[in-house]
Amino acid sequence: MKRTLGEIARHLGGTLVGDEGLEVQGVNALDLAGPEEISFYSDPRYRRALEKTRAGALITAERLDDFFPSTPGRMWVPGLRSGTK
């Protein structure tokens, strides 16, 4: 089922940077996600996967001002861990 980044950000209470109308149709791991999927990052051990991800959108637990992956949409949700709030 497709969802827009705006819908996801509102549901999670997150702050979105990017196109709120961008649709994603699935969730996948950083190293497996494609342009129509969203992924999640919160653990520095996966920084290399974050740097290489092809995900169309990312959810992070903290704002990553020092790192801007080439993804059309990014959102941060303070306090988010393991994909649940």
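The sections below set out a description of the structure shown in this document.

What counts, and at which threshold
- Each chain carries its own residue numbering, running from 1 in the direction its sequence is written.
- Per-residue local features of the predicted model are confined to residues with pLDDT of at least 70, and side-chain atom pairs are confined, for both listing and counting, to 80 or more; whole-chain, interface and lining totals are unaffected and use all residues.
- Derived side-chain values reflect all non-hydrogen atoms in the structure, with water molecules and hydrogen atoms excluded from consideration.
- By convention a nonpolar core is built from buried Ala, Val, Leu, Ile, Met, Phe, Trp, Tyr and Cys residues, the set being connected through side-chain atoms within 4.5 Å.
- Buried residues are those whose accessible area, probed at 1.4 Å on protein chains only, stays under 20% of the maximum for their type, while exposed residues exceed 50% and partly exposed ones sit between those limits.
- Put simply, DSSP H or I for four residues or longer makes a helix, DSSP E for two residues or longer makes a strand, and each gets a number counted from the N terminus.
- By definition in these notes, contact holds between two residues if any of their heavy atoms fall within 4.5 Å.

A few words now on the nonpolar core. One finds Leu 5, Ile 8, Ala 9, Leu 12, Val 24, Ile 38, Ala 57, Ile 59, Met 75, Val 77 and Leu 80 forming the largest nonpolar core, which totals eleven residues. Among the secondary structure elements, those contributing two or more residues to this core are α1 (5-12) and β6 (57-60). Of the residues forming this core, the biggest block, four residues, is contributed by α1. Those residues in contact with Leu 5, other than ones at most four positions away along the chain, are Leu 16, Asp 19, Glu 20, Leu 22, Val 24, Ile 38, Ala 57, Gly 73 and Met 75.

By the secondary structure assignment, Gly 26 is in strand β4 (residues 26-27). Put simply, Gly 26 and Ile 38 are twelve residues apart on the chain and 6.3 Å apart in space, counted from C-alpha to C-alpha. Those residues within four positions of Gly 26 in sequence are excluded, and the remaining contacts are Glu 36, Glu 37 and Ile 38.

By themselves, these observations are geometric and do not establish any function.
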